[in-house]
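# Structural overview for review
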Amino acid sequence: MTDERDERPLLAGVCGDPIAQSKSPRLFRHWFETYGLAGHYVPLKVAAPDFPDAIRGLQKAGFRGVNCTIPHKISALEIADEVSDSARAIGAANTLTFRRDGSFFADNTDAFGFIENLRIGAAGWDPPSAPAVMLGAGGAARAGIFALLEAGVPAVRVLNRTREKAQKLRDHFGERVEAISWNERNDALAGSGVIVNSTSLGMLGNPPLELVLADASKDAVVTDMVYNPLETPLLAAAKARGMIAVDGLGMLLHQARPGFRTWFEIDPDVTAGLRAACLEGVR
Ligand code: NAP
């Protein structure tokens, strides 16, 4: 079936406030060029109260969909007519598809991006073989915990500075999630198969995550959702100990794939060229 929007250039974008820092326009531009598509992916600064009107306007203007970032990840869920299982479980959406029938479909692709990056970066990782450790209990942690549970880890130990938030995740995701005090984080690494930093510690301008890896198995995989710098102090420490270290840039790149696939009917590749295109400004 063709409709009016098939006659126009391919249109999509990312809504957020602020938005200038988003790497998504660069990422989509690279894919449009790679696949020879006439498309535009626009950074859209949208204030929180304007979100519903902006979404309806973009739909009328022929957009195929938008990515949503802070502060719109919950509003994106609320405006949707249909919500994916992952978005429902995580409680937030980052990808809105504008369907031909006028309805909105909300998905959360952070979990997909996280696990895809981890599986590719740590090919020998066997999720059911050992518990995971999640440092942090914010939005990114929710996506990571969902993905780890889906992948089959027997348990996720969640440690957060504000313990109540870790406890809330335990209540939300159930008994395979354990809330542990932040000051027990070094001991909590023993016997784990994967260690994830989902706090903002280690990010450029923030203090490093203080974590002693001595009790962690050398076979455990360490991954950081922070990608600026690409090699965080945590990843450097893991490498120095001979552990597999997976940086956070791949999560960002892979999470964009489902939107591109749904909107433009091509499953795009995450390549060295794409990484290079997105690394500008990253240390
Ligand atoms: P968020 O919801 O604001 O959560 C921030 C987390 O960091 C909370 O757990 C917070 O603990 C913790 N934290 C902040 N300062 C801390 C400190 N001084 N000591 C200990 N813990 C501290 O943010 P988010 O959306 O989850 O994002 C978290 C990080 O993941 C950011 O760096 C973000 O850039 C990154 N991220 C990367 C990707 C990717 O594609 N690679 C995707 C999403 C997010 P409290 O609860 O105690 O405040």
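Turning to the overall build of the chain, a few remarks are in order. Within the chain one finds 11 helices and 12 strands. Over its C-alpha trace the chain gives a radius of gyration of 19 Å, about what one expects of a compact globule, namely 19 Å for 283 residues. For the chain, the spread of C-alpha atoms along the principal axes amounts to about 60 × 40 × 35 Å. In the chain, which comprises 283 residues, the proportion classed as buried is 53%. Residue pairs at least 24 apart in sequence account for 67% of intrachain contacts in the chain once pairs closer than 6 positions are excluded. Accessible surface computed for the chain: about 12,800 Å², of which carbon and sulfur atoms make up 50%. With 30 positive and 34 negative side-chain charges, the chain shows a separation of 3 Å between the mean positions of the two kinds.

Here we come to the pairing of strand β10 (residues 194-197). Side chains Val194 and Val196 project from β10 onto one buried face, and the interleaved Ile195 and Asn197 project onto a second face that is buried too. Where strand β7 (residues 132-135) meets β10, 4 bridges bridge the pair, whose relative direction is parallel. Bridge assignment links alanine 132 to a residue of β10, and that residue is valine 194.

Attention now moves to the domain arrangement of the chain. Domains assigned within the chain are domain 1 (4-109 + 256-278) and domain 2 (111-250). For domain 1 and domain 2, the distance between their C-alpha centres works out to 27 Å. Domain 1 puts 9 residues into the contact, and the matching count from domain 2 is 14 residues. Summing both partners gives a buried area of about 980 Å² for domain 1 against domain 2, and 60% of it is carried by carbon and sulfur. Of all residues in domain 1, Ala89, Ile90 and Arg275 give up the largest surface area on contact with domain 2, accounting jointly for 51% of the area buried on that side. At the junction of domain 1 and domain 2, the tally comes to 2 salt bridges. Close ionic contact of glutamate 116 with arginine 257 constitutes a salt bridge, the shortest N to O distance being 3.2 Å. If you look at where domain 1 meets domain 2, you find 7 residue pairs in polar contact (both at pLDDT 80 or more). Of all the elements, helix α4 (residues 85-90) adds the most residues to the side of domain 1 that touches domain 2, at 3 residues. Here the residues of the side of domain 1 that touches domain 2 sort into 3 nonpolar, 3 polar and 3 charged.

Now for the packing of aromatic side chains. One pass over the full model with this rule turns up 11 aromatic pairs. Measuring from ring centre to ring centre gives 5.4 Å for phenylalanine 32 and phenylalanine 264, while their planes differ by 55 degrees; the resulting arrangement is tilted. One end of the pair, phenylalanine 32, is in helix α1 (residues 24-34); the other, phenylalanine 264, is in helix α10 (residues 257-264), and 232 residues separate them in sequence. On the accessibility criterion, phenylalanine 32 (4% relative accessible area) is buried. Site record: aromatic cluster; members linked through ring pairs are Phe28, Trp31, Phe32, Tyr35, Tyr41, Phe260, Trp263 and Phe264.

Our next topic: the sheet that holds β7. Judged by pairing direction, the sheet is parallel, and its 6 strands sit side by side in the order β9-β8-β7-β10-β11-β12 without closing on themselves. At either margin of the open sheet sits one strand with a lone partner, and together these are β9 (177-181) and β12 (244-246). When the angles between neighbouring strand axes are averaged without regard to direction, this sheet yields 20 degrees. The pairing of strand β11 (residues 221-224) with β12 spans 3 bridges and is classified as parallel. Bridge pairing in β12 links valine 222 to alanine 245. Set on the sheet, helix α7 (residues 163-173) makes contact with β8 (156-160) and β9; between it and β9 the angle comes to about 170 degrees.

Next up on the list: unusual backbone geometry. Backbone torsion omega between isoleucine 70 and proline 71 reads 5 degrees, so that peptide bond is classified as cis. Looking at the secondary structure, you find proline 71 in the loop between β3 (65-68) and α3 (75-79). Here the amide bond leading from asparagine 228 into proline 229 is cis, since omega sits at 10 degrees, within 30 degrees of zero. Here proline 229 is to be found in the loop between β11 and α8 (233-240).

What counts and what doesn't
Residue positions are given per chain, counting from 1 as you read along its sequence in written order. It should be noted that, the model being predicted, local features are given only for residues of pLDDT at least 70 and side-chain atom pairs only at 80 or more, the latter also being counted only at that level, while totals for whole chains, interfaces and linings use all residues. Side-chain metrics in this entry use all non-hydrogen atoms of the structure; hydrogen atoms and water are not considered. Working definition: helices are DSSP H or I runs of at least four residues, strands are E runs of at least two. Numbering for both runs from the N terminus. We compute the radius of gyration over the C-alpha atoms and compare it with the globule rule, which gives 2.2 Å times the number of residues raised to the power 0.38. Per-residue accessibility, obtained with a 1.4 Å probe over protein chains only, is compared with the maximum for each type, and a residue is labelled buried under 20%, exposed over 50%, and partly exposed between these values. Only heavy atoms enter the contact rule, under which two residues are in contact if any of them lie within 4.5 Å. To measure how exposed things are, a 1.4 Å probe is used in the Shrake-Rupley method; for residues, cover is taken only from the protein chains shown. When charges are counted, Lys and Arg are positive and Asp and Glu negative, with His and the chain ends excluded. Note on charges: their place is set at NZ of Lys, CZ of Arg, CG of Asp or CD of Glu. Only when DSSP finds a minimum of two bridges between them are two strands counted as paired. For each domain, the first and last residues come from an automatic or database assignment. Buried area: the accessible area, evaluated with a 1.4 Å probe, that two parts lose upon being put together, summed over both parts. Salt bridge, as used here, is a side-chain nitrogen of Lys or Arg placed within 4 Å of a carboxyl oxygen of Asp or Glu. As used in this structure description, the phrase polar contact means that two N or O atoms lie within 3.5 Å; if the pair is within protein, one of them must be able to donate a hydrogen and the other to accept it, and residues adjacent in sequence are counted only when both atoms belong to side chains. When residues are grouped by polarity, Ala, Val, Leu, Ile, Met, Phe, Trp, Tyr, Cys and Pro land in nonpolar, Asp, Glu, Lys and Arg in charged, and all others, Gly among them, in polar. The rule is short: rings of Phe, Tyr and Trp, with Trp giving its six-membered ring, pair when the centres are within 6.5 Å, and they are stacked under 30 degrees, edge-to-face over 60, tilted in between. All axes are obtained by fitting lines to C-alpha atoms, using only the stretch in contact for helices, and the reported angles, taken between N-to-C directions, cover 0 to 180 degrees.

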